[in-house]
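Geometric and topological summary
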Amino acid sequence: MSKADKEVLLAIRNLEVHFETRRGIARAVNEVDLTLYKGERFGLVGESGSGKTTLILALLRMIKTPGLIAGGSATLDDGTDLIQLDREQVRQARLKRVAMVPQGAMNSLNPVMRIGEQLMLTMREHATDRPSPPKAAQLERAIELLAKVGLKPEVARLYPHELSGGMKQRACIAQAISLNPQLILADEPTSALDVVVQRQIMQTLRQLQHQLNATVLLVGHDMGLMAQFAERVGIMYGGKLVEVGRVEEIFHNPQHPYTQLLISSIPSFETKGEFKGIPGVALSLLDPPSGCLFHPRCPESMPQCSQRAPILQTVAPDHLASCLLHEEVADAPAS
Ligand SMILES: Nc1ncnc2c1ncn2[C@@H]1O[C@H](COP(=O)(O)OP(=O)(O)OP(=O)(O)O)[C@@H](O)[C@H]1O
Ligand SMILES: [Mg+2]
């Protein structure tokens, strides 16, 4: 996709999600700005607890107490702000415009309902603006959906426990695409599966994305898998988006020290699969450090990093990073 034909699908601005706990407020999503384009595959990475799932759930308005959306907007191409929708409007937007393949999706199927019935029910529940087609037509559509995700028609008659993990995951994807959404939010859709099945399912997701011309926001830990799937990647740390750019750029020219550490910790042939990990104590959102949240663990930390929070800004074409190393360069007087 060239830059000229990039059309914005979703503009997330200043999104803020808080969890109010007895021990204080955790800013799980902290002033996040992110633009997603039509038909792109975007990967969101970051260590456990960095706010990836919370960001996705906020877009679907599925944050539960003690969490709340404390501010910001997420505006679709027609001007709809997902954050401002009322209950009924949210119900209408789900699946038709924005759908999710949840984290641990395999447990999200109803254990006492046949797969075909579940797909038919989903389509009926969300398509309330027109009368339901006859049962036979609904079943036909369910079978068509199963075929799209590589499942045989017979699967419609089976219960979830009769399916393998990979098949269950495919059934969840079928459910997510049942009303042709423009945006598919996939939260670590393959993390519980073995590597071969993982790769096959990612391939299916990719084909579907292409057929539907949908935008996919894929969340994951695995930088290797992301590199294969995504065109652009965003890196989260402590609820903040710290770097965004094209996948090749992020891998070959990472600008944030956290991203650099993430990339260098990917097991390679040279390191014989040894995972180096990132030094330092994981961040506590209830007691965050001052200034840049990463500074206590950052190998390039400077005195000002504990005093001032960096902002996400352009460091190269189509490449944003939030690090004072770059602001220092930008701020330095021309000599
Ligand atoms: N129910 C909750 N109560 C209190 N705090 C919560 C709750 N759910 C999430 N949080 C806070 O939100 C932060 C982000 O959690 P989230 O699940 O979004 O992380 P994640 O990046 O998806 O992690 P993982 O990779 O493990 O799935 C957590 O670190 C935690 O502080
Ligand atoms: Mg998560």
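Residues numbered from 1 in each chain as written. Chains lettered and ligands numbered in written order. Predicted model: local features only at pLDDT ≥ 70, side-chain atom pairs only at ≥ 80, totals over all residues.

1. Some remarks on the packing of helix H5 (residues 165-176) against helix H6 (residues 195-212)
Where H5 contacts H6, the two axes come as close as 10 Å, and the packing angle between them is 15°. Compared by their axis directions, H5 and H6 come out roughly parallel. As for how H5 packs across H6, the hand of that crossing is right-handed. On the side of H5, the interface is formed by Gly-166, Gln-169, Arg-170 and Ile-173, while H6 contributes Val-197, Gln-200, Ile-201, Thr-204 and Leu-205. Looking at the contact of H5 with H6 residue by residue, the classes come out as four nonpolar, four polar and one charged. (Axes fitted to C-alpha atoms, helices over the stretch in contact; angles between N-to-C directions. Helix = DSSP H or I, 4+ residues; strand = E, 2+ residues; numbered from the N terminus. Parallel < 35°, antiparallel > 145°, perpendicular 65-115°, else oblique. Left-handed = near helix turned anticlockwise from the far one by under 90°. Contact = placed C-beta atoms within 7 Å. Nonpolar A, V, L, I, M, F, W, Y, C, P; charged D, E, K, R; others polar.)

2. What about the pairing of strand S6 (residues 183-187)?
Within a regular beta strand, the side chains point alternately toward one face of the sheet and then the other, so they alternate between its two faces. Counting buried positions over the five residues of S6 gives five, a clear majority of the element. Of the two faces of S6, the one lined by Leu-183, Leu-185 and Asp-187 and the one lined by Ile-184 and Ala-186 are each fully buried. Where strand S5 (residues 98-101) and S6 come together, four bridges link them in parallel fashion. Each bridged residue has a counterpart across the sheet, and for Val-98 the counterpart in S6 is Leu-183. (Buried ≥ 20, exposed ≤ 12 C-beta atoms within 10 Å, placed from the backbone. Pairing = 2+ DSSP bridges.)

3. As for the site of ligand 1
Around ligand 1, the structure places 17 residues, and the nearest of them are Ala-28, Ser-48, Gly-49, Thr-53 and Thr-54. Looking at the shell around ligand 1 element by element, the count peaks at three residues for helix H1 (residues 52-59). Of the residues that constitute the shell around ligand 1, the class distribution is five nonpolar, eleven polar and one charged. (Near = placed C-beta within 6 Å.)

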